[in-house]
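Chain by chain, the residues run as shown.
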Amino acid sequence: KAGVTQTPRYLIKTRGQQVTLSCSPISGHRSVSWYQQTPGQGLQFLFEYFSETQRNKGNFPGRFSGRQFSNSRSEMNVSTLELGDSALYLCASSWGQGDHEQYFGPGTRLTVT
Amino acid sequence: LAKTTQPISMDSYEGQEVNITCSHNNIATNDYITWYQQFPSQGPRFIIQGYKTKVTNEVASLFIPADRKSSTLSLPRVSLSDTAVYYCLVGDNYGQNFVFGPGTRLSVLP
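Residues numbered from 1 in each chain as written. Chains lettered and ligands numbered in written order. Predicted model: local features only at pLDDT ≥ 70, side-chain atom pairs only at ≥ 80, totals over all residues. Heavy atoms only, no water.

Peer 1: What should I look at first to understand the interface of chain B and chain A in this one?
Peer 2: Where interface size is quoted, it is often the accessible area lost as the parts come together. In this assembly, 19 residues from chain B lie in contact with 19 residues from chain A. Buried area between chain B and chain A, both sides added, is near 1,400 Å², and the carbon and sulfur share of it is 55%. If you sort the residues of chain B by the area they bury against chain A, F46(B), F98(B) and F100(B) come out on top, with a joint share of 30%. Linking chain B to chain A there are zero salt bridges. At the junction of chain B and chain A, the tally comes to five residue pairs in polar contact (both at pLDDT 80 or more). Among the secondary structure elements, those contributing two or more residues to the side of chain B that touches chain A are β3 (31-38), β4 (45-50), β8 (84-92) and β9 (98-100) of chain B. Sorting elements by how many residues they give to the side of chain B that touches chain A places β8(B) first, with four residues. For the side of chain B that touches chain A, a count of residues per class yields eight nonpolar, 10 polar and one charged. (Contact = heavy atoms within 4.5 Å. Buried area = accessible area lost by both parts, 1.4 Å probe. Salt bridge = Lys/Arg side-chain N within 4 Å of Asp/Glu carboxyl O. Polar contact = N/O pair within 3.5 Å; in protein donor to acceptor, adjacent residues only side chain to side chain. Helix = DSSP H or I, 4+ residues; strand = E, 2+ residues; numbered from the N terminus. Nonpolar A, V, L, I, M, F, W, Y, C, P; charged D, E, K, R; others polar.)

Peer 1: Hey, could you run me through the packing of aromatic side chains in this one?
Peer 2: Where two aromatic rings form a pair, the distance of their centres and the angle of their planes describe that pair. Taken as a whole, this structure holds 13 aromatic pairs over all chains when the rule is applied. When the ring of Y35(A) is compared with that of F104(A), the centres are 5.4 Å apart and the planes differ by 40°; the resulting orientation is tilted. Of this pair, Y35(A) sits in strand β4 (residues 31-38) while F104(A) sits in strand β10 (residues 103-104), placing them 69 residues apart in sequence. Classification of Y35(A) by relative accessible area gives buried; the value is 1%. For the ring pair Y35(A) and F98(B), a centre distance of 6.4 Å and an interplane angle of 70° mean the geometry is edge-to-face. One end of the pair, Y35(A), is in strand β4; the other, F98(B), is in strand β9, on a second chain. Here Y35(A) and F98(B) have matching classes, each one buried. Clustering of aromatic rings is evident, with ring pairs tying together Y35(A), F45(A), Y103(A), F104(A), Y36(B), F46(B), Y87(B), F98(B) and F100(B). Just above the ring of Y51(B) sits the side chain of R68(B); from NZ or CZ to the centre is 4.0 Å. (Phe/Tyr/Trp six-rings, centres within 6.5 Å; stacked < 30°, edge-to-face > 60°. Buried < 20%, exposed > 50% of the residue type's maximum accessible area, 1.4 Å probe, protein only. Lys NZ or Arg CZ within 6 Å of the ring centre and 35° of its normal.)

Peer 1: Help me understand the environment of V4(A), please; the structure alone is not making it clear to me.
Peer 2: Residue and element names in this part refer to chain A. Relative to the assigned elements, V4 resides in the segment before β1 (5-7). V4 sits 51 residues away from R55 along the chain, and the two C-alpha atoms are 20 Å apart. Not counting residues within four places of it along the chain, the set of residues in contact with V4 comprises C23, S24, P25, I26, C91, S93, Y103, F104, G105 and P106.

Peer 1: I would appreciate a short explanation of the sheet that holds β1(A) in the present structure.
Peer 2: Two modes of strand pairing occur in sheets, parallel and antiparallel, and in both the strands are linked by backbone hydrogen bonds. Residues and elements named next belong to chain A. One open sheet holds the four strands; their spatial order is β1-β3-β8-β7, and the pairing between them is antiparallel. The open sheet is flanked by β1 and β7 (64-68), the only strands paired with a single partner. Along the sheet, successive strands turn relative to each other by an average axial angle of 20°, direction set aside. (Pairing = 2+ DSSP bridges. Axes fitted to C-alpha atoms, helices over the stretch in contact; angles between N-to-C directions.)

Below you can see the structure in the form of structure tokens.
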């Protein structure tokens, strides 16, 4: 069974730009969660989508948004990029909402200059 | 929200058993404990999950005492390939209240 895939793997953007990251979950998984990982803050939860609806949200500004499609694929968008948004963005899928037995993708490394 | 603490780093030798403890003093009744392994440039990998007592699978065991204020991930006979960062996560399975620990960097030496 194919794992979680994320595209692109690496991205360089300039301050003020916006970016869209994509995630394809494991087949059959209906929940997709997004995380930001930085050396200073560790793994921080952004939001979770289940059945195309955002179910849970972490403590991030509104510049961070996401959506989920009917095939469970998900995208997250960051608008008006700041230098502090440089991080590894991880997507994880699971069978059900709130299920912590999650399967992570390899991440997208975003660098903001 | 349960705050978790873990040792920052640990060293071990190949073939030894390694025990990594996570402290979560204010764990809630509905909270589960989940452990992940992360290699450089990869996403975390699910290892094991439990609620109380002991859980074992093909790669690890998870020990949770009766008061559930801590949990211990046990890796039997580690090899060099077990060198990684190990995270505990404490939270309910509704996805509303959970937190990842700071991670423990395990170095396995030959």
